[in-house]
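Spelled out, the chains give:
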Amino acid sequence: MDPVPGVFEGGANVVAVLVLLAEFAMLRAQLLRTQVRLYAWQSLFVALLAVLVAADQGIPELYVLAALSVALKVVIVPLVVLRLLPDADTDIAGSGRFGVASAVLLAIGVAAFGLFVINSLHFAKSSLPTTALALAGAVVLVAFVLMIVRSDVVSQAIGFYSLENGVSLAGLVVAARLPLIVEVAFLFDLLVAVVVFGVLMKIHHSRTASLSTATLTRLRG
Amino acid sequence: MITLAPPVVNALQVLTIAAAAPGISGVISRVETRLQGRRGTRVLQPYYDLAKLFRKETLLPDTASWVFLAAPLAAFTCYLTVPLLIPVLTSYPLPLGYMGDILGGGFVLALGSFLVALAAADSGAPYAQMGSSRAKTFSAITEPTVLLVVFTVALITTTDLPYALARTVRSSADQIVRPAHVLAAAALFMVILAETSRIPVETHTGTNEFGMIDEARSLEHSGPAYALLKWGSAMKQLILYTILADVFLVPWGLASTGRATSVGLAILALLGKAVAIGCVVAVIDNSFAKLRLFKITEFVAAAFLLAVLAVFTLYLGGG
Amino acid sequence: MGVVLILLVTVPLAAGIVALVAPPRLTRAVTVGCGVTCFALAVSLVGAAGSGEVRAARYLRVDALSVVFLLATAFLYACAAAYAVGYVTPEKGEADFPRYARRFYAGLNVFAWSMLAAPLVNGLALLWVAVEVTTVVSALLVAIEDTDGAAEAAWKYVLLASAGLGIALLATIVMYYAGSQVLGASYELTFDPLLASAAGLPAGAVRLAFVLAVVGFGTKMGLVPMHTWLPDAHSEAPTPVSALLSGSLLVVSFYAVLRYFQVARAAVGPHFPQTVLLVFGVASLLLAALCLLDQPDVKRLLAYSSVEHMGILAVGVGFGAPLALAGVLLHVLAHAAAKGNAFFGAGVLVRKFGTKSVTEIRGALDALPWTAPLFLLAVLALSAFPPFGLFRSEFQIVAGGMAASEHALAAVLVVLVTVAFLGLSLVTTRMVFLPRRHPRPGDAALQRSEPSAAVAAVARSEPSGWMVAPMVAGLVALVVLGVHPPGDLTDLLSRAVAELRGLG
């Protein structure tokens, strides 16, 4: 069996697993606020990992990045989404194409595929254990499952945001020393995307008076 | 200093579990009622209940067969066997501990549960049969979870003996922090909540038959058989808590030698750990609502997910 | 020359800000002026980039490859700005037209700005940021019409395109990782150092990054099977925006794929990247050609034609021969002009006849004396008829395929282009040539066969001269590109091909 990971690696892997578990929990969320709060928690875990990497590798810019991403993803994005849809029917339960347990089993299969595929690639020199990279890939794939299985705009939007979280996690593993200005550019891009998603969600909600995308079947072929 | 021979310590393990089990149930119900702001039941109340039940007569349904009377005794025997296999008091394996590994222990527990369900189905009463079929349905998902937890144990220590896992966990801090260990412990805790019929799977108090799963299986029994059933389920609860505490979470405080004082301290440590876990369960009981029946699949699917992730992270070499 | 780059980056953004505050007439004039200026600036770069790089500030860089895409975008920007003068009118029935016009022109300018910025930025990371900005701005523009279809199309578009760009971000990170093995742990993903050290990059990581980039940026480019947002978004957006989407945005995403191709080719050799592109290209061509045979909506038809052309571009790069690569870059320019023309014509048809359905538009030649022939010529150009530029470029691609010994795939390309031609031309000739028939009393046969053609006569007039002028300009460009491309342009294309092959 492989050698036991050290305390830092074990702790980092636990936080990465928590990110993946938050993604799975989104498959189950039945209220709009629950989805948004799960996203906030997931972003908090990713920021926590950034702080861990910064402390371990001595990269002071990552502290700034962690602070910025907490401000943006944990505070501003949930606020924007919840403010834009204040009168929405907050219950989005039952919007899945199949039930929660089936979706979780499907997502387990998909995540297993991702975990094993990424683990079979070899990455030298990374600042977090490569298990975290495999978990990041699993987060991306389960985010796709979330976007596919759920047919309401909030889950799909949160699915996209959590996909970006997964990519940030992957970036923390293999590209921790990406110049700060580039990372800040990514973050503000995400903010703009959030605003646009919010505007379109609001348009959808005002046109169809619901959050469900089951009615979006006009354009086909 | 009195040194106890290993067989004596082995017997002491069984006696401790058997004697302390109703007490732990009593502590949990007292903590729960106190948290609700009530005066609370006596801690020793389950003992008085058992004593009362042993004095009562047994009534059988007309359609019951010998299974109905034999099953509680057989299940109780199973529950007496398992403490021989797991680290209850000592950190070194005891002679009868090689009779079965943790997989064997899991199987014996499942056998006990199955026998009780069989007796309930034999009784012919509708609620008992409903509880029996429900319990077996949900155990179809919880059993794979337990197996996966066992596999995690096996993958970490390359052996199935729970003593070895306890020794590994004690060895260094990084063993506690590794994700496979954390995930397996979390999965086991969720399975324990399901197996000991606690919130969010079932309400332990009250008699709402439509919501009962495990509780309904013992509805038709009476007298000493019923006492054995209640005692057996209390023992199962304490056994599961012991496995969680002594193998996964806090494998410290176990006796490393056969000296009487260390064994005595180990008994106290075990009771303390079980009470602590019981308090956590009581808090959960008071904080969450029972899940609707078909949402319980989501709960056990979550436990399954945690166990699967435990195995995967181990297999990927980083956990 | 560096000043040109800075101007290109700032002028459209300034126009966008002006559009937010100025009255519509001033906004229109500023937008058209800005479009023409940007095109002139892009043309002025042709000579300079033909001989070397041009840099400005720390983050702007232009080489021959970038200028090709700048030309395509700037040309369509100018045409779309002129077209919009005639298209965006109060007669569209907007309740609050000034507000709509303000949002439209601001969006148009900012959209063009983002598309101009993408070929200008130095580095893969900033390139991703620029493409993401194009996505969000264009999503708002697609949703600007107040219809159910537009809302649906915008939601599908933003979700799919953003998810694709998430994959592309993963590609950027993996490429950063690959570079960090050679260039050190902390560096900016600028092109020159990356290309210079390409030989030392770890092969596995580069391959993974390339595949992720093709999937991610290919979503925005319209490669099958990630193309499903394309017909919806391009058909529901306002026509000038559709033209920009098809003619410029798809090729800007293609530019991003080309940059990854450049690095991958230098790092792991040409075989793997070309095979990946061939797979996606042939799939796109096949699906698009088949879907073109049965489309009920004229703008959806043109959208599928865009998918087909993006497939041709991918296949051309997949062939890899210098002739094919030159054909690909010429195709980028010619396709911009032809697709722009086609969409402009379709927009006039829709405006005139009040419907997008191809079975209901009849007798366009009678009703629109200028637009209908121009539209027909644009569709013929899209089907690679001589003497238009697309014929020359597709000929070069096929010849390059033969030169690269990919005979079977070149044959497949020709067959599928012919199938696409069939689909396009059937619809277009029916729309243009079949007369509108006025119902006589008791003409039951007509009512049965074409109930929608039996409507009141349509007046023979062009809705607006502003909508015709860009089409004429596009036609001139197509003929020039097809018959005799200017010498400077051919030099630019050769230099770009050399850069792609790692010899520049």
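Provided above is the structure to which this section pertains.
Residues numbered from 1 in each chain as written. Chains lettered and ligands numbered in written order. Predicted model: local features only at pLDDT ≥ 70, side-chain atom pairs only at ≥ 80, totals over all residues. Heavy atoms only, no water.

## With respect to the interface of chain C and chain A
At the junction of the two partners, chain C supplies 43 residues and chain A supplies 43 residues. Carbon and sulfur atoms supply 72% of the area buried between chain C and chain A, which totals about 3800 Å² over both sides. For chain C, the biggest contributors to the area lost against chain A are E152, W155 and Y177 of chain C; these three give 20% of the whole. At the boundary of chain C with chain A, the tally comes to five residue pairs in polar contact (both at pLDDT 80 or more). (Contact = heavy atoms within 4.5 Å. Buried area = accessible area lost by both parts, 1.4 Å probe. Polar contact = N/O pair within 3.5 Å; in protein donor to acceptor, adjacent residues only side chain to side chain.)

## Focus: the nonpolar core
With 371 residues, the main nonpolar core has F24 and Y161 of chain A, F248 of chain B together with F69, W155 and F217 of chain C as its most contacted residues. Those residues within four positions of F69 of chain C in sequence are excluded, and the remaining contacts are P119, V251, F254, Y255, L258, L329 and V332 of chain C. (Core = buried A, V, L, I, M, F, W, Y, C linked by side-chain atoms within 4.5 Å. Buried < 20%, exposed > 50% of the residue type's maximum accessible area, 1.4 Å probe, protein only.)

## Some words on helix α6 (residues 148-183) of chain C
All names here are of chain C. For α6, which comprises 36 residues, the first-to-last C-alpha distance of 50 Å matches the rise-based estimate of 52 Å (1.5 Å per residue) to within 8%. Most of α6 sits out of view: 30 of its 36 residues are buried. Once α6 finishes, G184 follows within two positions and takes phi at roughly 95 degrees, a positive value. (Helix = DSSP H or I, 4+ residues; strand = E, 2+ residues; numbered from the N terminus. Expected span 1.5 Å × (residues − 1).)

## Focus on the arrangement of the chains
Considering every one of the two pairs of chains in contact, the largest contact total is recorded for chains A and C. The two units chain B and chain C remain apart, with a minimum C-alpha distance of 19 Å.

## Some remarks on the pattern of salt bridges
As enumerated under the stated definition, the model contains 19 salt bridges over all chains in all. Where D146 of chain C meets R207 of chain A, a salt bridge forms, and the shortest distance between an N and an O atom there is 2.8 Å. Linking D146 of chain C in the loop between α5 (124-142) and α6 with R207 of chain A in helix α7 (residues 180-208), this pair reaches from one chain into another. Using a relative accessible area of 64% as the deciding quantity, one classes D146 of chain C as exposed. A salt bridge links R61 of chain C to D192 of chain C; the nearest nitrogen and oxygen atoms lie 3.1 Å apart. Of the two residues, R61 of chain C is situated in strand β2 (residues 60-62) and D192 of chain C in helix α7 (residues 191-196); the sequence distance between them amounts to 131 residues. For R61 of chain C, a relative accessible area of 3% corresponds to the buried category. Note on D192 of chain C: relative accessible area 24%, which makes it partly exposed. Within this structure, R55, R61, D63, D192 and R259 of chain C form a network of salt bridges that share partners. (Salt bridge = Lys/Arg side-chain N within 4 Å of Asp/Glu carboxyl O.)

## Section: the interface of chain B and chain A
Between chain B and chain A, the residue contacts involve 27 residues of the former and 27 residues of the latter. Carbon and sulfur atoms supply 78% of the area that chain B and chain A bury against each other, a total of about 2300 Å² over both sides. Three residues, E298, L305 and L316 of chain B, lead the burial of chain B against chain A; their summed loss comes to 25% of the area buried on that side. Connecting chain B to chain A are one salt bridge. With a shortest N-O distance of 2.5 Å, E298 of chain B and R28 of chain A are connected by a salt bridge. For the pair chain B and chain A, the interface holds one residue pair in polar contact (both at pLDDT 80 or more).

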